[in-house]
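Reading the structure
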Amino acid sequence: MKFNTDKFLEEIKKADLTEQFRSKRRPGTAVVIKEIWNHASVSSVDFDSFTYEDVISALDEMANIEGYCDDDGGEVFVCDPGNAFMVYNDIETLIFNLHNVKGRLYTQEDDEIFI
């Protein structure tokens, strides 16, 4: 399968959500969400990469995770897919799945190091 970069870029431009997210979310908020989601230890957090407002924004996103839980034996919990925490989860899942695709053209050997 050949990857058509021109078609890809064309579709990305059609679905440009930059302004929608820029007005709502701050770049440092993603850093805070990443640290919370991955249960980062305090010693590994770069506190210069986000501001107090970013922390407040992430806490607002956490408080606004809307969803429902069906405890009638099924234990189904569905969250708002537009919430920043769920978006971060989707991105991490996508990267994990892409990394683990069977039959990919390139596999990294354990002794290869990229600098």
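Above this note sits the structure.
Below you will find a few notes about this structure. Here the residue numbers are simple positions, counted from 1 along each chain's written sequence. This being a predicted model, a pLDDT of at least 70 is required before a residue's local features are given, and a value of 80 or more before pairs of side-chain atoms are given or counted; all residues contribute to the totals for chains, interfaces and linings. Based on all heavy atoms of the structure, the side-chain values leave hydrogens and waters out of the count.

1. Re helix H4 (residues 52–63)
Taking 1.5 Å per residue, 12 residues should reach 16 Å; H4 reaches 17 Å between its end C-alpha atoms and fits that length. Residues of H4 that are buried: Asp54, Ser57, Ala58 and Glu61. Here the buried residues of H4 occupy an arc of 100° about the axis, which is enough to place them on one side. The outward face of H4, more than 90 degrees from its buried face, is lined by the exposed residues Tyr52 and Ala63. Runs of H or I in DSSP of at least four residues are treated as helices and runs of E of at least two as strands, each being numbered from the N terminus. An expected span of 1.5 Å times one less than the residue number is assigned to each helix. Buried residues are those whose accessible area, probed at 1.4 Å on protein chains only, stays under 20% of the maximum for their type, while exposed residues exceed 50% and partly exposed ones sit between those limits. Think of the arc as the fan of directions from the helix axis to the C-beta atoms.

2. Here we look at a nonpolar patch on the surface
Only residues whose relative accessible area exceeds 30% and that take part in no salt bridge are eligible for patches, with like-charged residues grouped when within 9 Å of each other and nonpolar side chains (Val, Leu, Ile, Met, Phe, Trp, Tyr) grouped when within 5 Å. We get accessible surface area from the Shrake-Rupley algorithm with a probe of 1.4 Å; when it comes to residues, only the shown protein chains can shield them. Think of a salt bridge as a Lys or Arg side-chain nitrogen and an Asp or Glu carboxyl oxygen that are within 4 Å of each other. Residues Ile36, Tyr52, Ile56, Leu59 and Met62 make up a contiguous nonpolar surface patch of roughly 450 Å² in combined accessible area. Among the elements that make up the nonpolar patch, the one with the highest residue count is H4 (4 residues).

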